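# Observations on the model geometry
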Amino acid sequence: MLRRRSTLGFFMALPLIVVLGALVVYPAGYSLYLSTLNKSMQRFVGVSNFTFLFTRDTFWMVVRQSVIFAVTAVFFKAVIGFCVAHFVHNTPTRGQRKWRGMLLVPWVIPPAMSTLAWLWLFDPSYSAFNWLLQRFGIEAIPWLGDPYWARFAVILVNVWFGAPFFMIMYLAALKSVPEQLYEAAAIDGANWWQKLWYVTLPMMRGIIAVTVLFSLIVTFANFDIVRVLTAGGPIDQTHVFATWAFKVGIEGNDIPLGACVSLFMLPILGAAAVVILRDVGRRGAEA
Amino acid sequence: MIGRALQDVDVTLAPRKARVRSMRRDRRRALYWSYFFLVVFAVFFLTPPAYMLVTSLKSSAEISAATAPWTVARPTAANYVELLTSSVYLTFFRNSALVSVLVVAVTMVISTLAAFSLSRMRFFGSSALATGVFLTYLIPETLLFIPLFKIFALLKDVTGIEFLNHWWVLVIVYPTLTIPFCTWIMIGYFASIPKELDEAALIDGATWLQTLFLVFVPVALPGIVAATIFAFTVAWAQFLYPLAFTTSTDQLVLPVGIVTTLIKGDVFNWGQIMAGALLGAMPPLVIYAFLMDYYIAGLTAGATKG
């Protein structure tokens with residue numbers, strides 16, 4: 001029986017199907033079921049967990065903060081990544097490896113550990129940034145103590161961590177743009193801005209869309225940085241869906257409500273999935 | 001006449017020469033600006049790790065004096081010595097290493113088999129499965145940790161085995177983070193292998209498994225290395241699952257161990273925390289330093305081929 005190609009193929013893919021089915025698909029569905037139970041998980045309460053969330057100010061704050069956090073961070077990651085990729089691309093090919101290697105370091109360090117360095121840089125009484133600011137006569141900034149600065153800080157750390165990834169992606173994309181296109185544009189009298197707008201950007205559109213979409217998903221679902229840096233504080237002002245779900249579900253011991261909170265990440269995932277799937281269809285046809 | 005012609009040539013050549021010179025000057029200026037901004041961004045990107053190193057070399061006394069946070073007056077290795085002789089920290093390291101290595105092994109076996117099957121052997125629903133693998137990659141762990149937590153608690157009631165608060169529960173859950181992406185990039189690598197190669201092997205009487213291990217694995221080795229590196233770094237860095245599923249000190253992995261045990265209440269022992277975080281970041285950094293090209297190939301494979 002194993003001689004048959006399709007049967008053997010199925011059995012070779014079976015471990016994958018089992019693992020992903022049991023540990024991704026099933027829990028995702030189970031999460032939906034959990035969200036309809038009461039706190040002690042003995043009674044079906046329908047959508048009342050959701051309606052309860054809608055009445056709470058903290059929930060709407062988390063929604064707003066998650067969106068602001070993800071959109072701002074991804075925007076700056078993409079812009080910085082795009083610029084830095086260009087700067088690296090401009091330098092002679094010999095030295096590019098060195099720059100690339102240096103600039104990707106933030107992405108390589110596990111975020112939970114690098115965020116500790118930021119936590120220490122932002123320390124209320126020993127902040128090294130504030131020490132520098134005071135050299136220039138600027139007042140100390142309450143990096144993590146003030147809600148607005150704390151929001152700025154979590155976004156800054158996220159941009160610091162994620163921009164190198166964009167840089168690598170865009171650098172790879174830049175290298176794949178044929179040089180002849182720029183030559184042709186130069187002959188037609190294009191200036192650098194026109195080359196960027198009419199040659200580079202259209203050629204990189206695919207990559208930019210995919211990386212931004214991916215990053216939006218990952219940033220929207222971010223946990224490590226916010227958890228280590230502020231743990232949601234001050235007074236819950238920096239919570240995003242993931243950290244608030246953890247606080248409510250695991251620390252607060254209200255699993256259904258936590259499941260409920262985390263399910264609010266689904267809409268953006270669904271939207272992203274639809275967009276990406278159109279591209280992926282091609283890949284499936286090739287395979 | 002000739003003089004006239006020469007004059008003409010001169011007239012037409014002069015501005016072109018000037019333009020070439022100005023283009024060269026523009027290019028050089030662009031290069032200098034590129035270097036300038038690269039240095040600025042390198043400082044931004046490397047400040048936190050550098051500051052980790054600086055702080056880790058300081059004694060608690062020097063840190064609390066706070067006279068010059070950016071430089072070290074009297075470097076000391078005391079923080080490192082203390083950590084490397086503390087059984088707690090070494091336990092974290094051992095747990096992290098065990099979990100990561102086991103997860104890499106499980107991931108590579110499952111995804112190599114699956115990628116081979118999905119790229120070469122059609123069966124009912126195989127192309128839908130390839131898409132499904134990609135979709136599971138998009139589901140973040142932050143959506144799954146609560147149901148998984150409950151599932152492990154329920155499993156204990158059914159089987160009597162305590163899943164929560166054991167390091168090996170991480171070996172069960174981490175593959176969900178690594179397998180989709182590894183399978184996905186390996187489908188890409190396998191798909192780029194010419195069909196003639198496996199046809200030749202099959203004609204010579206190789207079985208499908210022999211074709212996989214004797215033809216595909218050697219040919220796609222760069223892709224396999226890239227996937228292995230990806231799986232290792234993901235497993236090493238994962239923070240949410242261990243934070244949710246393990247609590248006893250002897251079951252913790254590095255990221256969680258450092259965050260929950262070294263930061264003790266309000267008495268921040270920053271020299272040691274930074275030393276611990278830096279040591280904990282070492283395995284991925286070392287792999288990156290030696291296998292940078294594979295690391296980057298793995299990163300870019302997901303998007304450029306997808």
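Residues numbered from 1 in each chain as written. Chains lettered and ligands numbered in written order. Predicted model: local features only at pLDDT ≥ 70, side-chain atom pairs only at ≥ 80, totals over all residues.

### Considering the overall build of chain A
- Tallying secondary structure elements over chain A gives 14 helices and zero strands in all.
- Going from the N terminus to the C terminus, chain A shows its helices and strands as α-α-α-α-α-α-α-α-α-α-α-α-α-α.
- Dimensions of chain A along its principal axes, counting C-alpha atoms only, are 75 × 75 × 30 Å.
- Buried positions account for 43% of the 287 residues belonging to chain A. (Helix = DSSP H or I, 4+ residues; strand = E, 2+ residues; numbered from the N terminus. Buried ≥ 20, exposed ≤ 12 C-beta atoms within 10 Å, placed from the backbone.)

### Remarks on the overall build of chain B
- Of regular secondary structure, chain B possesses 15 helices and two strands.
- The burial tally for chain B puts 44% of its 306 residues in the buried class.
- Restricting to contacts in chain B with at least 6 residues of sequence separation, those with at least 24 account for 76%. (Contact = placed C-beta atoms within 7 Å.)

### Observations regarding the packing of helix H13 (residues 254-262) of chain B against helix H14 (residues 270-290) of chain B
All names here are of chain B.
- Close contact between H13 and H14 brings their axes to 10 Å; oriented N to C, the two are set at 175°. Classified by the interaxial angle, the pair formed by H13 and H14 is roughly antiparallel. Mapping the contact onto sequence places Leu254, Pro255, Ile258 and Leu262 in H13 and Gln272, Ile273, Gly276, Ala277 and Gly280 in H14.
- Split by residue class, the contact of H13 with H14 holds six nonpolar, three polar and no charged. (Axes fitted to C-alpha atoms, helices over the stretch in contact; angles between N-to-C directions. Parallel < 35°, antiparallel > 145°, perpendicular 65-115°, else oblique. Nonpolar A, V, L, I, M, F, W, Y, C, P; charged D, E, K, R; others polar.)

### Description of the domain arrangement of chain A
Residues and elements named next belong to chain A.
- Structurally, chain A comprises domain 1 (22-55 + 254-271) and domain 2 (59-250).
- Here domain 1 and domain 2 have C-alpha centroids that lie 31 Å from each other.
- Of all the secondary-structure elements, those providing two or more residues to the side of domain 1 that touches domain 2 are helix H2 (48-54), helix H13 (255-263) and helix H14 (266-286).
- By residue number, the principal contributor to the side of domain 1 that touches domain 2 is H13, which donates six residues.
- Partitioned by chemical class, the residues of the side of domain 1 that touches domain 2 number ten nonpolar, two polar and one charged. (Domains from an automatic or database assignment.)

### Remarks on unusual backbone geometry
Residue and element names in this part refer to chain A.
- Non-glycine residue Ile235 carries a positive phi angle of around 35°.
- Here Ile235 lies in the loop between helix H11 (224-229) and helix H12 (241-251).
- Non-glycine residue Asn253 carries a positive phi angle of around 65°.
- Mapped onto the secondary structure, Asn253 falls in the loop between H12 and H13.
- Exposure remark for Asn253: the 11 C-beta atoms within 10 Å place this residue in the exposed category.

### Some thoughts on the nonpolar core
- Counting 174 residues, the largest nonpolar core has Leu229(A) and Ala277(B) as the members making the most contacts within it.
- Among the elements that take part in this core, helix H8 (residues 147-175) of chain A stands out by supplying 18 residues, more than any other.
- Residues contacting Leu229(A), with those up to four places away along its chain left out, are Thr115(A), Trp118(A), Leu119(A), Leu144(A), Ala153(A), Val154(A) and Val157(A). (Core = buried A, V, L, I, M, F, W, Y, C linked by C-beta atoms within 7 Å.)

### Details of the interface of chain B and chain A
- On the side of chain A, 79 residues touch chain B, which itself brings 83 residues to the contact.
- Classifying every residue of the side of chain B that touches chain A by side-chain character gives 65 nonpolar, 16 polar and two charged.

### Description of the domain arrangement of chain B
All names here are of chain B.
- Per the domain assignment, the segments making up chain B are domain 1 (2-56) and domain 2 (78-304).
- Contact with domain 1, which involves four residues of that partner, is made by seven residues of domain 2.
- Tallied by class, residues from the side of domain 1 that touches domain 2 come to two nonpolar, two polar and no charged.

### With respect to the packing of H8(A) against helix H10 (residues 192-220) of chain A
All names here are of chain A.
- Orientation of H8 relative to H10, taken along the N-to-C sense of each, is 160°, at an axis distance of 10 Å. Taken together, H8 and H10 sit at an angle that is classed as roughly antiparallel. Note that H8 runs across H10; the crossing there is right-handed. Of the residues in H10, those in contact with Asn158, Gly162, Phe166, Met169, Tyr170 and Ala173 of H8 are Met204, Ile207, Thr211, Ser215 and Thr219.
- For the contact of H8 with H10, a count of residues per class yields six nonpolar, five polar and no charged. (Left-handed = near helix turned anticlockwise from the far one by under 90°.)

### Digging into the confidence of the model for chain B
All names here are of chain B.
- Within chain B, residue pLDDT values average 82, and 89% of them lie at 70 or more.
- Segment residues 1-11 is flagged for pLDDT under 50; beyond a separation of four residues in sequence, or across chains, it makes zero contacts in the model.
- This complex was scored by the predictor with a pTM of 0.85 and an ipTM of 0.83. (pLDDT = per-residue confidence, 0-100.)

### Side note on helix H8 (residues 175-191) of chain B
- For H8(B), spanning 17 residues, the distance from its first C-alpha to its last is 23 Å, which sits close to the expected 24 Å at 1.5 Å a residue.
- Counting buried positions along H8(B) yields 16 of 17 residues, so the element is predominantly enclosed. (Expected span 1.5 Å × (residues − 1).)

### Concerning the confidence of the model for chain A
- With 96% of its residues at a pLDDT of 70 or more, chain A has an overall mean of 83.
- Contacts from residues 283-287 of chain A, a stretch scored under 50 in pLDDT, to residues over four places away or in other chains number eleven contacts.

### Looking at the environment of Arg278(A)
Residues and elements named next belong to chain A.
- If you trace the backbone, Arg278 turns up in helix H14.
- Given 8 C-beta atoms within a 10 Å radius, Arg278 is considered exposed.
- For Arg278 and Gly137, which are 141 residues apart along the polypeptide, the C-alpha to C-alpha distance reads 55 Å.

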